[in-house]
Amino acid sequence: MNLPSNFEDLILEAETLQLYKKLIIQLNKDLLYANIDLEFDVETLPTSLKLVFQETIFNLINSKFSDYLNLLYIVDVPEAKIKALDGSDVIKLSEDVTFIILQRVWQKVWYKSKYS
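In what follows, the accompanying structure is described.

Conventions used here
Residues numbered from 1 in each chain as written. Predicted model: local features only at pLDDT ≥ 70, side-chain atom pairs only at ≥ 80, totals over all residues. Heavy atoms only, no water. Patch = residues over 30% accessible without salt bridge, like charges linked within 9 Å, V, L, I, M, F, W, Y side chains within 5 Å. Areas by Shrake-Rupley, 256 points an atom, 1.4 Å probe, with all protein chains shown as cover. Salt bridge = Lys/Arg side-chain N within 4 Å of Asp/Glu carboxyl O. Helix = DSSP H or I, 4+ residues; strand = E, 2+ residues; numbered from the N terminus. Buried < 20%, exposed > 50% of the residue type's maximum accessible area, 1.4 Å probe, protein only. Expected span 1.5 Å × (residues − 1). Arc of directions from axis to C-beta. Contact = heavy atoms within 4.5 Å.

For the rest of this paragraph, the subject is a nonpolar patch on the surface. A surface patch of nonpolar side chains, about 390 Å² in accessible area, is lined by Met-1, Leu-3, Tyr-111 and Tyr-115. Position of Met-1 relative to the elements: it lies in the segment before helix H1 (7–16). For Met-1, a relative accessible area of 36% gives the class partly exposed.

In structure tokens, the structure reads:
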């Protein structure tokens, strides 16, 4: 599996394979398991998904860091990917982390679709 390299490619691939709703459902499950008070409607537009999720990640990094780390653990984001990011700009960091989380959630959805 080749992972999408940016948000637009990820959404395009999810919509092409008709898995966008499953992506949102899986993201909602992971957020629930991580005890993050956020749930997306399956009809949420990709731009809204990105903006709201990025704002949530930004707030978690700034004020609920342990919840942020817990979310990374629940989603199963590789530690090396997070360590490789530049943390000097929190807004850019939250954008990058948002994409990495969505990329990992997409990976889960794709594998479930392909092998079940």
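With that settled, the discussion passes to helix H3 (residues 46–63). Across its 18 residues, H3 extends 26 Å between first and last C-alpha, which sits within 8% of the 26 Å expected from 1.5 Å per residue. Of the residues making up H3, those classed as buried are Pro-46, Leu-49, Phe-53, Gln-54, Thr-56, Ile-57, Leu-60 and Ile-61. Down the axis of H3, the sector holding all buried residues measures 165°, keeping them to one side. In H3, the exposed positions that point more than 90 degrees away from the buried face belong to Thr-47, Leu-51, Glu-55 and Ser-63. Packed against the buried residues of H3 are H1, helix H2 (20–33), helix H4 (65–75) and helix H6 (90–115).

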